[in-house]
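Chains, contacts and geometry: an overview
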Amino acid sequence: MTPSLYRVADFLAQARELDAADPLAAFRDRFVIPDERLVYLDGNSLGRLPTSTRERLHRAIDEWGADLIRGWDRWITLAREVGDVLATGVLEAAPGEVVLSDSTSVNLYKLADAACAARPGRRVIVTDDDNFPTDRYILQGLAEARGLELRVVKTDIDLGVSVESVREALDEDVALVSLSHVAYRSGAVADMAAVTAAAHAVGALTLWDLSHSAGAVRVPLRSAGVDLATGCTYKHLNAGPGAPAFLFVRAGLQRELRQPIWGWFGQREQFDMGAAYDPVETLDRFQVGTPPVLGAYAALEGARLTAEAGIGAVAEKGAALGAYAIEVCDAWLAPYGFALASPRSGTRRGGHVTLHHPRAWQFSQALRAAGVVPDFRTPDRLRLGFGTLYTRFADVYAGLACLRDIAASGSHREFPEQHARVT
Ligand SMILES: *Cc1c(COP(=O)(O)O)cnc(C)c1O
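Owing to the predicted nature of the structure, the values given are computational and were not obtained by experimental measurement. Each chain carries its own residue numbering, running from 1 in the direction its sequence is written. Under the rules for a predicted model, residues below a pLDDT of 70 receive no local features and side-chain atom pairs below 80 are neither given nor counted, while totals for whole chains, interfaces and linings still include all residues. Working from all heavy atoms in the structure, the side-chain values ignore hydrogens and water.

Digging into the domain arrangement of the chain
This is how the line gets drawn: For the purposes of this description, domain bounds are those given by an automatic or database domain assignment. When checking whether two residues touch, look at their non-hydrogen atoms; a contact exists if any pair is within 4.5 Å. The quantity reported as buried area is the accessible area (1.4 Å probe) lost by two parts once they are put together, taken as the sum for both. Should a side-chain nitrogen of Lys or Arg be within 4 Å of a carboxyl oxygen of Asp or Glu, the pair is scored as a salt bridge. N or O atoms closer than or at 3.5 Å make up a polar contact, with two conditions inside protein: a donor-capable atom paired with an acceptor-capable one, and, for residues adjacent in sequence, both atoms drawn from side chains. What counts as a helix is a DSSP run of H or I of at least four residues, what counts as a strand is a run of E of at least two, and both are numbered from the N terminus. Only Asp, Glu, Lys and Arg are considered charged, only Ala, Val, Leu, Ile, Met, Phe, Trp, Tyr, Cys and Pro nonpolar, and every remaining residue, Gly among them, polar.
Domain parsing of the chain yields domain 1 (5–30 + 310–414) and domain 2 (53–309). Centre-to-centre, using C-alpha coordinates, domain 1 lies 30 Å away from domain 2. With 27 residues of domain 1 at the contact, the number on the domain 2 side is 25 residues. At the boundary of domain 1 with domain 2, total buried surface from both sides reaches about 2200 Å², with 53% on carbon and sulfur atoms. For domain 1, the biggest contributors to the area lost against domain 2 are Ile311, Arg348 and His352; these three give 25% of the whole. For the pair domain 1 and domain 2, the number of links is 2 salt bridges. For aspartate 158, the salt bridge goes to arginine 381, with nearest N and O atoms at 3.0 Å. One can count 15 residue pairs in polar contact (both at pLDDT 80 or more) joining domain 1 with domain 2. When residues of the side of domain 1 that touches domain 2 are traced back to their parent elements, those giving at least two are helix H11 (311–332), strand E10 (352–356) and strand E13 (381–385). The biggest single contributor to the side of domain 1 that touches domain 2 is H11, with 5 residues. In terms of residue class, the side of domain 1 that touches domain 2 is made up of 12 nonpolar, 9 polar and 6 charged.

Here it is as structure tokens:
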């Protein structure tokens, strides 16, 4: 046996052992997996379909057919019901602090505007240049509309935002610090507690984007003293394409903040149809209009599944999948010019691992053609996302073996260098 073949066998045996010892292994059977051969490494963009969601959505459609408008007796509290499952089972928050609402982009606008309004006289919003595009655009627009300065901290795109660089941007003029908890490109985890403490020390509020955190890592909202947060349910929470987002407002802050979109779902005695807007004092004041019921049921099932698995176990397996992937990449892919573009330490990394290669786009197309689905992110990054509840170590092995074979044969060069509309 040549040394390299020995290595191959080694990693496969290791993957099988890790799968056999995985306490979450049985959760894979709770998902619809029509093609067992497809290696899906993009659960951080769109999670798989849980079987319970398929059943629940069929039932919800039948309820609509049979109950018609009477269904709203139940549907009216759905957004809060999902919020409570998220608060207690996925995010470290309390019931009544999380509600399903709108999209992450819209929630960012609502919460950031409310925060700025609550800090009159302060002229600055702080974010970083590696924040997700929608976050940066929303904050740019808000700063322009309110005549504020958007102070953009420089961040290493592979290592994530540093507490020190945020601290340097803080002063008594800062109203809000808005960052992503897990960086969308590198998967780097920000120090939520330290950044929040630094912001509070100058009297600023914090707003965290949890899109890549929720259902992947521990999110210590409560112990970190976080003020505001929002995030997607269609990534690690497996709620399906376009499922509604969630938002979090710390209990002690709810009465004090007023969001800019005055909709009737925030109104006191909503069905009195009162003349003037008079928002309730609870979290419901951050709701706007009629919630998407089908998407909310999908979010309920997705959140319940993660809560049942336990976010501690989910985070641990995610870190182990990442560590395994990094070990295999170091051995197999570094010789072909791939470099790790994520933090090496498991405690500093979320649910995905990113690799740098000048031809990453061509590799991502070649992988897809071979039945392995990763995604590509600018510039030159190949992202391998692990849906912890259904991704096996053997899937990571198969995906990386395929990537190594493509690199060895050079077959990726047959794919266009020109980027597609969706990457
Ligand atoms: C996916 C993602 C979003 C998407 O926001 P939408 O409003 O759902 O399009 C926002 N922020 C981050 C960090 C994301 O990863």
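Here we look at the site of the ligand
To be explicit about the condition: Residues are counted as near a molecule or strand when any one of their heavy atoms sits within 4 Å of it. All accessibility values rest on the Shrake-Rupley procedure with a 1.4 Å probe; residue burial counts only the protein chains present in the view.
Near the ligand you find 13 residues, and of these Ser105, Asp209, His212, Tyr234 and Lys235 are the closest. Side-chain polar atom of histidine 212 to an oxygen atom of the ligand: 3.1 Å apart, as the coordinates give it. In this structure, lysine 235 approaches the ligand through a side-chain N or O atom, which is 2.5 Å from an oxygen atom. In isolation the ligand exposes 390 Å². Once the protein is present, 85% of that is buried. Of the residues in the shell around the ligand, the class split is 3 nonpolar, 7 polar and 3 charged.

Observations regarding the pairing of strand E8 (residues 246–249)
Put simply, the test is: Under the scheme applied here, a residue whose accessible area is under 20% of the maximum for its type counts as buried, over 50% as exposed, and between as partly exposed, the area being computed with a 1.4 Å probe on protein chains only. Pairing between strands is defined by DSSP: at least two bridges between them are needed.
Here E8 shows two buried faces, one formed by Phe246 and Phe248 and the other by Leu247 and Val249. Two strands pair when backbone bridges link them, and strand E2 (residues 98–100) and E8 are joined in this way by 3 bridges, in the antiparallel orientation. When the bridges of E8 are listed, leucine 100 appears paired with phenylalanine 246. Taken together, the 4 bridges between strand E7 (residues 228–231) and E8 define a ladder with antiparallel strand orientation. What sits directly across from glycine 231, in E8, is phenylalanine 246.

Thoughts on the sheet that holds strand E5 (residues 174–180)
Defined as follows: Whenever a helix is involved, its axis is fitted only over the stretch in contact; in every case the axis is a line through C-alpha atoms, and angles between N-to-C directions fall within 0 to 180 degrees.
Pairing is mixed across the open sheet formed by 7 strands, whose spatial order is E2-E8-E7-E6-E5-E3-E4. Strands with a single pairing partner mark the edges of an open sheet, and in this sheet they are E2 and strand E4 (149–153). Averaged over all neighbouring strand pairs, the angle between strand axes comes to 20°, with direction disregarded. The pairing of strand E3 (residues 124–128) with E5 spans 3 bridges and is classified as parallel. Directly across from valine 124, in E5, lies its bridge partner valine 174.

Some remarks on the pattern of salt bridges
By the definition in use, this model includes 31 salt bridges. In this structure, the salt-bridge partner of arginine 37 is aspartate 35, at a minimum N-O distance of 3.5 Å. Look at arginine 37 and you get exposed, because its relative accessible area is 71%. Salt bridges sharing common partners tie together Arg28, Glu36, Arg392 and Asp395.

A short note on unusual backbone geometry
Both trends apply: most residues other than glycine have a negative phi, and most peptide bonds are in trans. A cis amide bond, omega -20°, links threonine 378 with the succeeding residue proline 379. For proline 379, the position within the fold is in the loop between strand E12 (375–377) and E13. Look at leucine 68: it is not a glycine, yet its phi comes out positive at around 50°. Locating leucine 68 in the fold gives a position in the loop between helix H2 (51–67) and helix H3 (72–75). Despite not being glycine, glutamate 269 shows a phi value in the positive range, around 40°. Its place among the elements puts glutamate 269 in the loop between E8 and helix H10 (293–309). We classify glutamate 269 as exposed; its relative accessible area is 55%.

Focus: the sheet that holds E10
Pairing is antiparallel in the open sheet, where 4 strands are placed in the order E9-E10-E13-E12. Looking at the sheet topology across the chains shown, the edges are occupied by strand E9 (339–340) and E12. Bridging between E9 and E10 involves 2 bridges; their strand directions are antiparallel. In the strand pairing of E10, leucine 340 is matched with leucine 355.

Focus: the packing of H11 against helix H13 (residues 393–409)
Counted only if it meets this: An angle counts as roughly parallel when it lies under 35 degrees, as roughly antiparallel when it exceeds 145, as roughly perpendicular when it falls between 65 and 115, and as oblique in every other case. The hand of a helix crossing depends on one turn: near helix anticlockwise from the far one by less than a right angle means left-handed, and clockwise means right-handed.
Packing of H11 against H13 brings their axes to within 10 Å, and their N-to-C directions diverge by 25°. As the angle between them shows, H11 and H13 are arranged roughly parallel. With respect to the hand of their crossing, H11 and H13 are arranged in right-handed fashion. Residue-level contacts link Lys317, Ala320, Leu321, Tyr324, Ala325, Val328, Cys329 and Trp332 of H11 to Phe393, Val396, Tyr397, Leu400, Ala401 and Arg404 of H13. Considering only residue class, the contact of H11 with H13 consists of 12 nonpolar, no polar and 2 charged.

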